[in-house]
Every structure is written in C-alpha cells, then in structure tokens.
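Fold and geometry: a report
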Amino acid sequence: MHHNVRYNCRVIFLNRKILLIRPKMLLANYGNNREFRWFSPWNKLRHVEEYFLPRMIQDMTGQDTVPFGDCVLSTKDTCIGSEICAELWNPRSPHVDMGLDGVEIFTNSSASYHELRKADHRVNLVKSATTKSGGIYMFANQKGCDGDRLYYDGCATVAINGDIVAQGRQFSLDDVEVVTATLDLEDVRSYRGEHCHPHVEYEHKPCHRVKVDFSLSDCDDVYLPTHQPIEWQFHTPEEEISLGPACWLWDYLRRSGQAGFLLPLSGGVDSSSTACIVYSMCVLVCQAVRDGNSQVLEDVQRVVNDVSYTPRDPRELCGRIFTTCYMASENSSEGTRNRAKELASQVGSSHINLNIDMAVKGMLGIFSMVTGKCPQFRANGGSTRENLALQNVQARIRMILAYLFAQLSQWAEGKPGGLLVLGSANVDESLTGYFTKYDCSSADINPIGGISKTDLRSFLQYCVEQFQLTALKSIMAAPPTAELEPLTDGQVSQTDESDMGMTYSELSVIGRLRKISKCGPYSMFCKLIHTWREALSPLQVAAKVKHFFQMYSVNRHKMTTVTPSYHAESYGPDDNRFDLRPFLYNTRWSWQFRAIDNQVSKMEVGNGDHD
C-alpha cells in the first residue's frame, strides 16, 4: 500500500536491506488474470517516490524509507532492471526503454500459467527481448497449483543477445529449482555497440538509478567459462498432458488432506485419460522419491498414512491411492466393462464392478407411484423428453454412488480418510453442454476438463508407448458413447458424435473461433465457408454453425456448476475466471441466423449464375 493505493510490487533485497520497491506498471487483465480487481498500475513513468516502511520492517532492516517507483539498480559493474510478468507480453514492454538507457540485465518474476502449446510463445518473447537491443534476460516463473484451476509450469530461462543459455524444467514435483548461468557483460556491450544507437533514433527520459555498493563480478572471473547457446527442448502436447495435470493432481492431493482418488471408469477415452494422468502422477512421485526428494516422500507417507512406506513402483502406488469404479446398467455393453477392467489392471488401481439397475428402478418406481405413468426410451416408443429423462436418471445415480464410495470405501477397509472424486468431461463436451448436469462430470476436480477430445486421443496413443498400457488400444478403437440408451442386439447404437450433430474435430475448430477469434454465429459462418469449403457446402456449414450455437446457448447454464478443471486450453468455456460470458442467452439467435440465411441465398444465386 502506497498512499492508500494497492500495487503489485517486486521488492528487491541485498544483505537484509531493501534496495527498492518496483510497482507493476502494466497489469494483466485477460485470460484467467484479473489484476485490475486487486491492484492499480503505477503509471508514473520514470518517477520515484519515498516509501515509508511499516514499523515492523524498520525494526528488521534499520531503514525508515526506501525508493518506490520506476527505477533500476546501478552496481559497480552493471545496471539491473526489472519487469514483472505481463510487462514482457505487452507491446510497450519496459525492457525496450531500459535497454536503450544502458540497463544490461533484465529480471522477470512471472506468474505465467500453463496452456498446451504455450511454452514456445514464452521462450520467443524472452529471445526477442534480447535480440532487439541486446542484454541478459533472467525469467523466473512460479511452479505448482495456485489453489484453483491453474498450474504454473516453471520454465525458468536465462538468455543473452537473443540466445537461450540455460533452461529450467517445465514440469516437476520440486517446490524450488535454481537455474544458473555464467555470462560475459562484454558480450552485451559488443552487441549493443553494433545494434543500438538510442540517441540517434529518438529522445527518451533516462531511468532513475539507485546506486548499490556491490559487484556481480570480480577481477578473477576472467577464468570462468561462459555458458553457450542451447536449443530449447519443448515437450510435445501429449507429454504436456501427461505431466502438467499430473503435477496439478499431486499438488491438489497433498494439500487437500485426502487419502487418494476415486474415478468412475467407463471404458471410454475420457475416463481412461483421467486414469492415465493419475498413473503418470504416480510415475512422477516414484521418480521424485528415487531422486531423493524428501518432501515428496513425506507427503506420500502422510497420504497413505504409513510413515514407513517408500513408493517404488507406480502400479503399487496406484493400488494404495487410486480406486476405479465401473457402474454398469442394462444399457452397458460387455465391451466397455472389459476395457475398463483391463485398464484398471494395467495401471494397478483398486477396481470395483457394480450394477446400478436396482437404484434406477427404485427412482422410476417412486415417479410411477406418484404420477401413475412410466416413461419409455425412444427405442421403445417414448418421446424425446422421456428418453432424455431416463438417460439423466442413470447418469445422476452414478454421481451419487461415486461420492458414496469415495466417502466410505476407505472406511469399509478399515482405513482413515476419504477420496477425491475425479471427473472426466473434456473441453468440447463442456462447450456444447453434452453432459448431464450433476452426473459423473460433477466431481471434486477434473484433470481433463480443459483438453480437447482430439488431443486426448493422441495422449492415449502416447501412453500406450510410454507406459505400455496396451488396454488403451481397444479403448481408442471403440466409438465414443454415453451408453445410456438400450443396446441393439447387444451392441451400442448411441454414439457421441451423432448425438452432438458434429465431430469432435469440428468442435475443436468451432471452439477456437468462438473464444480466441471472438466469433458470433455470422462471423463464424464467414470463416468456416472457406475453412471447410472442400468438405461442406455453405448450406451445410450454416446448419452446423446454427446447431452449435443453439446447443451452446441452451446448455451454457451448465458452466455455472461445472467441476473445477485443470486449465489447459485457450478456448476453454469455464465461466469462473476464464470465459466471463452470460449463462442465459436467447437461444433463437434470430438476427444472426437471418444474416447467415441471407448470405447463403446470395451464394446459391451466385453459383447458379456461374453454372
């Protein structure tokens, strides 16, 4: 707090003294960031004021006041400036003017959260910052779960003159990681001597310098070898899915005080992906213990309630902390039951097989007793409303049973603690609302809720090769299905893509246009008639766009109760922080759909004239 205004600040220390307080000048107010809700930006460029320290800090440091504002540190041998997080991403990044004023080292304390395929953007920004005007850039990022949907993935970086010279790990269970590099300031000066002539190019106000009686170098460091440029090693999206949500799950489990996870395992791609992420978490935990991470070992022992336990095999650890449950109904096929059982066996989870028909009949019996009517599936002559209600009963009973077993399965075995219920609805299903409100998509947390079906299928293929989980081959070969309608000759007749009216790959394209490109129905149609022109006519594109927006608007309310999900995708529909849109829409979209129809008519007339 400075003059009763709250700023987001970087406080820089040296030998138990505060050198300066640097308030953030450019705040992040996009994506999951809402900094303007909490802070004000420091908008006094090159301005420094006196900050009176709280009495408790004065007693510690022996200082009454310290510099507060937009300034840099001038040591005996160099000049050091700070950027804070989003300032690197901004088109008016402070490092540009600081570099032109002779600042040689830039430090950035960042809170950049993980998204699939984002790391290269971050690395390119750091490289670009030092390519333009030279200098050394030290980028330090947070690590771990923020107590919410975000995972901060590290990626500490040191760069000089456009080259990366040191790379931190992107995902790990270590709470702290230190990345170092030895660099020569003369390399910066030589680079700038050729590339930068600030006083020829434009006038600028010089940075205020805080003089510091300290050196980063000494006379003997001429004998130290400097770090050479390296190629940044990027993870594939499949590796990111395997590692990011797994680290997030571990952070969540150890901080929640629970004894493990319970997953309703249906034998489909989504729930199998969640199971594989838990298995990947167990692989990481065992590896961290082998590497001597005492904190991870202590956390594992607390979770399993055994101070003598040392995890060595991921399958064995899964057996202690992971329970899977296949909840069959009369509409379930033998194929999904076997696939679920085989995968559970390969990951090592404690597996439960149960049948929900008795509970479903009990619920419908109550309804029939009150109303005197018995609903029927569409296949048996029932209406669409009856068909949907019968599906929802099955889905919601599964949620109730999942929570019952999560709370009492440890008790039944004489063990302490409860289990966290894991969800497994993907980002595309959330986008269209293709799930039952308060079914197994309702859980404590969902590690795949921000990941597309397309990416999940690639992830499962990766798990076959990386973890030898061969049961996944038959899971990937089966068509995605909810298995809530009656079987036909013992075979599944209901599929997700026919129910949704579009494929998962089409949904992924539509999702990116809706969120990233900010498209409404008409502008989305205008883009897709070109993107899909080889496969679909304008009339077919119009039908898909209309169908999507009708599904999206009818089901948007489900986002208000959706399970907290790991944020992994830039088009996620989560309305808690990321996608702040209404949950009640006019589902007819009359003006927009009319504009689409008019455009289709014009295109058909044009094509007719050409023919």
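This one's a predicted model, so the numbers in the text were calculated from it and none came from an experiment. Residue positions are given per chain, counted from 1 along the sequence in the order it is written. A pLDDT threshold of at least 70 governs which residues receive local features in this predicted model, and a stricter bar of 80 or more applies before side-chain atom pairs are shown or counted, although totals over entire chains, interfaces and linings include all residues. The side-chain figures draw on all heavy atoms in the structure; neither hydrogens nor water molecules are used.

What about the overall build of the protein?
- Segments assigned H or I by DSSP are reported as helices when at least four residues long, segments assigned E as strands when at least two residues long, and all are numbered from the N terminus. When you go through the protein residue by residue, the secondary structure sums to 21 helices and 17 strands.
- The buried label applies to any residue whose accessible area, calculated with a 1.4 Å probe on protein chains only, is under 20% of its type's maximum; exposed applies above 50%, and partly exposed to all values in between. Counting only residues that meet the buried cut, the protein has 52% of its 611 residues in that class.
- Only heavy atoms enter the contact rule, under which two residues are in contact if any of them lie within 4.5 Å. Pairs at least 24 apart in sequence give 72% of the contacts found in the protein among residues at least 6 apart.
- For the accessible areas, the method is Shrake-Rupley and the probe is 1.4 Å, while residue cover comes only from the protein chains on display. Carbon together with sulfur atoms contributes 53% to the accessible area of the protein, which is approximately 29,100 Å² in total.
- By the counting scheme adopted, Arg and Lys are positive, Glu and Asp are negative, and His together with the chain ends is not counted. To locate a charge, take NZ of a lysine, CZ of an arginine, CG of an aspartate or CD of a glutamate. Charged side chains of the protein number 62 positive and 71 negative; the gap between the two group centres comes to 6 Å.

Description of the packing of aromatic side chains
- In this analysis, rings of Phe, Tyr and Trp, with Trp reduced to its six-membered ring, are considered paired at centre separations within 6.5 Å, and the interplanar angle assigns stacked below 30 degrees, edge-to-face beyond 60, and tilted for intermediate values. Across all of its chains, the model carries 19 aromatic pairs by this definition.
- Their ring planes at 75 degrees and their centres at 5.3 Å tell us that Trp42 and Phe68 sit as a pair that is edge-to-face. Of the two residues, Trp42 sits in the loop between α1 (35-38) and β3 (48-52) while Phe68 sits in strand β4 (residues 65-69), which places them 26 residues apart along the sequence.
- The buried category is assigned to Trp42, whose relative accessible area is 2%.
- Connected via pairs of aromatic rings, a cluster forms that spans Tyr151, Phe171, Trp248, Tyr252 and Tyr566.
- Geometrically, a lysine NZ or arginine CZ counts as sitting over a ring once it is within 6 Å of the ring centre and also within 35 degrees of the ring normal. Over the face of the ring belonging to Tyr309 we find Arg320, whose NZ or CZ atom lies 4.0 Å from the ring centre.
- Taking the ring centre of Phe578 as reference, the NZ or CZ of Lys515 above it sits at 4.5 Å.

Quick look at the pairing of strand β2 (residues 17-23)
- Of all 7 residues in β2, 6 are buried, a share of seventy percent or more.
- Should DSSP find at least two bridges between two strands, the strands are taken to pair. From the end of strand β1 (residues 9-14) to the start of β2, which pair antiparallel, there are 2 residues, and Asn15 there has a positive phi angle of about 50 degrees.

Here we look at the UniProt feature "domain: CN hydrolase" (unreviewed entry) in the protein
- UniProt positions are given in the numbering used here, feature names are shortened, and annotations may be inferred rather than shown by experiment. In the UniProt entry, the feature "domain: CN hydrolase" (unreviewed entry) is given for residues 1-185.
- What you have in residues 1-185 is 18% helix and 32% strand, and the ends, taken at the C-alpha atoms, are 36 Å apart.

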